[in-house]
Amino acid sequence: MYRLIGNQYRKPSGLLGRIIAKKMTRGNIPVYDKIIPGLGIKQNDRILEIGYGLGVGIDKIGSGYDCFVSGIDFSDLMYKLASKKNKKHIKNGKAELYHGDFLTAEMIPDQYDIIFCTNVIYFWINLDEPFSKIKTLLKDGGLFCIFMASGDYLKKKKFTKDGIFCKYSIGQVVDALKFAGFRDINYEFRKAYIIKCRK
Ligand SMILES: C[S@@+](CC[C@H](N)C(=O)[O-])C[C@H]1O[C@@H](n2cnc3c(N)ncnc32)[C@H](O)[C@@H]1O
């Protein structure tokens, strides 16, 4: 049962995925409200969100900033719902949504000013490859921002049992960022971590 629920957090699908994604997004709207203003978005920036879920972050950026925002998510359900939510931004040429696995998708290097992800790195069993890919996709000086619950918090949650979630400590994430060659790594903790660093 926990594995079933954990899998829906990793890749929402069907009716259960829809219910869990809506519940998760309600809880995460304040997360987007906090992290997006802190990204320092400038006019004409190119931004990528990995694992956009229902597309709340894409919509906030598309509505509030004069930039171009892309997203990639491998859930068919999230792609459909986020595309519907962001129809206006896509039509206006302010946003594009991809349906695919970030870990295997072929992408053009040195194209983004900012890359961010919220509640996604738990599903990466190894951080070295994704972080190294993110660094390749960023322009020089570009910002990478991660939002994540702490491993200790996740360990207390029933739905994280059964091996779907990787419960990273902040130390493990910072070490992996250093290993990938990011600089200016800093983080703040208020119930969860917001980690920022630069290429
Ligand atoms: C826990 S949800 C978080 C959704 C949203 N970012 C939020 O915080 O509300 C994780 C999302 O990341 C997506 N995801 C996980 N691993 C992915 C991968 N390797 N490539 C693309 N999308 C991925 C899932 O489909 C899901 O929509």
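For the structure itself, consult the block above.
Residues numbered from 1 in each chain as written. Predicted model: local features only at pLDDT ≥ 70, side-chain atom pairs only at ≥ 80, totals over all residues.

**Some points on the packing of helix H6 (residues 128-137) against helix H8 (residues 170-180)**
The line we're drawing: Between the N-to-C directions of two axes lies an angle of 0 to 180 degrees, each axis being a line fitted to C-alpha atoms and, for a helix, fitted only over the stretch in contact. Numbered from the N terminus, helices here are DSSP runs of H or I no shorter than four residues, and strands are runs of E no shorter than two. Roughly parallel covers angles under 35 degrees, roughly antiparallel covers those over 145, roughly perpendicular covers 65 to 115, and oblique covers all other angles. Throughout, a crossing is termed right-handed when the near helix is turned clockwise from the far one, and left-handed when it is turned anticlockwise from it by less than a right angle. Here contacts are defined at the residue level, using C-beta atoms placed from the backbone and a cut-off of 7 Å between them. All residues other than Ala, Val, Leu, Ile, Met, Phe, Trp, Tyr, Cys, Pro, Asp, Glu, Lys and Arg, Gly among them, are scored as polar; the first ten of these are nonpolar and the last four charged.
Where H6 contacts H8, the two axes come as close as 9 Å, and the packing angle between them is 50°. Accordingly, the angle class assigned to the pair H6 and H8 is oblique. Viewed along their axes, H6 and H8 form a crossing whose handedness is right-handed. Where H6 abuts H8, its residues Asp128, Phe131, Ser132 and Lys135 lie against Ala176, Leu177, Phe179 and Ala180. Looking at the contact of H6 with H8, its residues break down into five nonpolar, one polar and two charged.

**Section: the packing of helix H2 (residues 14-35) against helix H3 (residues 56-64)**
Geometrically, a packed helix pair is captured by the angle between its two axes and the distance between the axes. Two elements in contact, H2 and H3, have axes separated by 10 Å at closest approach and are oriented at 40°. The angle between the axes of H2 and H3 places the two elements in the oblique class. Considering only the axes of H2 and H3, their crossing is right-handed. Contact residues: H2 offers Thr25, Ile29 and Tyr32, while H3 offers Val56, Gly57 and Lys60. Counted by class, the contact of H2 with H3 contains three nonpolar, two polar and one charged residues.

**Overview of the pairing of strand E6 (residues 183-190)**
What counts, and what does not: Partly exposed residues are those falling between the two cut-offs: more than 12 but fewer than 20 other C-beta atoms within 10 Å of their own, whereas 20 or more means buried and 12 or fewer means exposed, with C-beta atoms placed from the backbone. Strand pairing is defined by DSSP finding a minimum of two bridges between the two strands.
Summarising burial for E6: zero of the eight residues are buried, a small minority. Pairing of E6 with strand E7 (residues 192-198), which is carried by six bridges, proceeds in the antiparallel orientation. When the sheet's bridge partners are listed, arginine 190 is paired in E7 with alanine 192. Connecting E6 to the antiparallel partner E7 that follows it, the hairpin turn spans one residue, and lysine 191 within it adopts a positive phi of roughly 70°.

**Here's the deal with the site of the ligand**
We apply this condition: Throughout this description, a residue near a molecule or strand is one whose C-beta atom, derived from the backbone, lies within 6 Å of it.
Taken together, 21 residues surround the ligand, and among them Asn28, Gly51, Gly53, Ser75 and Phe102 come closest. When residues of the shell around the ligand are assigned to their parent elements, the largest contribution, three residues, is made by H2. Of the residues belonging to the shell around the ligand, the class tally is ten nonpolar, seven polar and four charged.

**Quick look at unusual backbone geometry**
The phi dihedral of asparagine 44 is positive, around 70°, even though this residue is not glycine. Assignment of secondary structure puts asparagine 44 in the loop between H2 and strand E1 (46-50). Under the C-beta neighbour-count criterion, asparagine 44 is labelled exposed, with 10 such atoms within 10 Å. A positive phi angle is found at aspartate 110, which is not glycine, with a value near 55°.

**Digging into the environment of tyrosine 32**
With respect to the secondary-structure elements, tyrosine 32 resides in helix H2. Residues in contact with tyrosine 32, not counting those within four places in the same chain, are Val56, Gly57 and Lys60.

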